[in-house]
Amino acid sequence: MTILYEPQPRDAQRVAVLLGGDVHPAAAREDLSRLLAERPAEQLVVLGPGVELPEALAIASEYRLSRPALGVVLIRVMVDMVLLGEALRAGVREVVPVDDRVALLTACARSVEISRQMAPVSPVVPEQAGLQQEAKVITVFAAKGGCGKTTIATNLAIALAAGGTRRVGLIDLDLAFGDVAIMLQLAPQRGIANASEFGAGLDEQALRALFTPYSPGLHALLAPPGPTEAEQVSQQLVTKVLGLAGGMFDYLVIDTPPQFNEHVLVALERSHLHVLLTTPDIPALKNLRITLDTFDLLRLPNEQRLVVLNRSDAKVGLTAADIERVIRVPISAYVPSSRDVPVSINKGIPIVADSPAHPVSKAIRDFAAGQLADTAASKPTSQGLRGLFGRGGKR
Ligand SMILES: Nc1ncnc2c1ncn2[C@@H]1O[C@H](COP(=O)(O)OP(=O)(O)O)[C@@H](O)[C@H]1O
Ligand SMILES: [Mg+2]
């Protein structure tokens, strides 16, 4: 989790919100020293606009020598070349202007990435030390469009990354009409479609460069800008990408199109958990029931299914009990409806980051912390799944 040093409480609050809420605040230099001493594996310190420049430079110089893997990101009201030069010479990794959320998150993500490369076995995930553990793979699916798949997938990914505590790869498998880039305000300069350019040479290093950093711990593999480029992505390529990405992150969160296509099948068979979304209306419930029947047919294990009722409080005459009776599966999480969700999407800042205390954010964070993060990963099933669809993996 990021440490934020900012003496002014209001600025501290503002920057904490920009960082997504998951920060250890330090109001004085002594707090900063204590927090760093308590957290020898910490990888990032953000110095707020209220830290005087000489003090900020002194902090950067001190830790550059004593803890080279610790990144320092500095926020300034005014950024000019002289300041930038001084800061970089002192060992600050990045300087970002105040209130520029995208610049701040990208700078933090780049810095954490550098720290991770300096310390190959991530010290913040102790259970991983010495183990080549595979990521827990979570696919978010609904056979009907507009249920909130992309909304939930992006917010879950932010919640799971928990301010850099975990490494999360968010993969947009809605190849033709992917919305992850737009929801996170990322430019799709590179993404999954570029993986095909490497042919058999695609390896972890090449794939790493195709991910776009979003915030500490969270990197996104974006869908191409349009359907034409999407056609370059074969089923085999998705299999290879998911295999490699599994070794690079603690969690993979996969967003999907509203249909069982060959790419979705690869994701489903490689997943440890299937987050199945629905809304409290008859067409969505009918589609979820058909989805569940299809999952049975595909022999995807029951215990990997987690049904999430989105817009759970919509007053439409169906109770949770009615819904559970129709779908014959218990509901694992309830995400309320709020106009703040489309407002956050239009702002380009997912609600979990923009407004961590909002009831929608709280529902998503509780679900991530309770049912996704800590459940033991059961093995993904993969026998003959694609064969049932008669495609056999050729393309
Ligand atoms: N809990 C919610 N409350 C209000 N609006 C929501 C909620 N979840 C999703 N939406 C809205 O529904 C629309 C579709 O969501 P999206 O995530 O794009 O769905 P999908 O990816 O399943 O097609 C978006 O405009 C989004 O703002
Ligand atoms: Mg979508």
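Below is a short write-up of the structure. (Residues numbered from 1 in each chain as written. Chains lettered and ligands numbered in written order. Predicted model: local features only at pLDDT ≥ 70, side-chain atom pairs only at ≥ 80, totals over all residues. Heavy atoms only, no water.)

Examining the pattern of salt bridges
- On inspection of all chains with the given rule, the structure shows 16 salt bridges.
- Residue Glu38 is joined to Arg39 by a salt bridge in which the shortest nitrogen-to-oxygen separation is 3.1 Å.
- Its salt-bridge partner being Asp293, residue Arg289 comes within 2.5 Å of it at the nearest N-O pair. Taken together, the residues Arg289 and Asp293, both in helix 12 (residues 282-297) and four residues apart, mark about one turn of the helix.
- Under the relative-accessibility criterion, Arg289 is labelled buried at 14%.
- By relative accessible area, Asp293 is classed as partly exposed at 37%.
- Salt bridges here are not isolated pairs; linked through shared partners, they connect Asp31, Arg34, Glu38 and Arg39. (Salt bridge = Lys/Arg side-chain N within 4 Å of Asp/Glu carboxyl O. Helix = DSSP H or I, 4+ residues; strand = E, 2+ residues; numbered from the N terminus. Buried < 20%, exposed > 50% of the residue type's maximum accessible area, 1.4 Å probe, protein only.)

Things to note about the packing of aromatic side chains
- Here the structure, examined in full by the defined rule, presents three aromatic pairs.
- For the ring pair Phe211 and Phe249, a centre distance of 5.0 Å and an interplane angle of 50° mean the geometry is tilted. Highlighted residues: Phe211 in the loop between helix 8 (204-210) and strand 8 (212-215) and Phe249 in the loop between helix 10 (235-246) and strand 10 (251-255), separated in sequence by 38 residues.
- Residue class for Phe249 comes out buried when judged on its relative accessible area of 5%.
- Ring plane angle 65° and centroid distance 6.1 Å describe the contact between Phe260 and Phe295, whose orientation is recorded as edge-to-face. Pair noted here: Phe260 is in the loop between strand 10 and helix 11 (262-270) and Phe295 is in helix 12, with a separation of 35 residues, a long-range link. The pair formed by Phe260 and Phe295 is uniform in burial state, with each residue classed as buried.
- Following the ring pairs from residue to residue traces out a cluster consisting of Phe141, Phe260 and Phe295. (Phe/Tyr/Trp six-rings, centres within 6.5 Å; stacked < 30°, edge-to-face > 60°.)

Description of the sheet that holds strand 4 (residues 71-76)
- With parallel pairing, five strands are arranged side by side in an open sheet as 2-1-3-4-5. Two strands lie at the open edges of the sheet, namely strand 2 (23-26) and strand 5 (94-97), each paired on one side alone. In this sheet, adjacent strand axes meet at a mean angle of 25° when their direction is disregarded.
- On top of the sheet, helix 1 (residues 9-18) reaches strand 1 (2-5), strand 2, strand 3 (44-47) and strand 4; it is set at about 155° to strand 1, its chief contact. (Pairing = 2+ DSSP bridges. Axes fitted to C-alpha atoms, helices over the stretch in contact; angles between N-to-C directions. Contact = heavy atoms within 4.5 Å.)

Quick notes on the nonpolar core
- One finds Val46, Leu104, Leu160, Leu170 and Leu372 to be the most contacted residues of the largest nonpolar core, which totals 60 residues.
- With eight residues, helix 6 (residues 149-161) is the largest single contributor of residues to this core.
- Viewed by domain, this core spans two of them, domain 1 (2-118) and domain 2 (134-386), each represented by three or more residues.
- Non-local contacts of Leu170, meaning those with residues more than four positions away in its chain, are made with Ala153, Thr154, Ala157, Val180, Leu184, Phe211, Leu218, His219, Ala220, Leu221 and Val253.
- Judged by nonpolar contacts, the second largest core, of 28 residues, contains Val137, Leu202, Ala230 and Met248. (Core = buried A, V, L, I, M, F, W, Y, C linked by side-chain atoms within 4.5 Å. Domains from an automatic or database assignment.)

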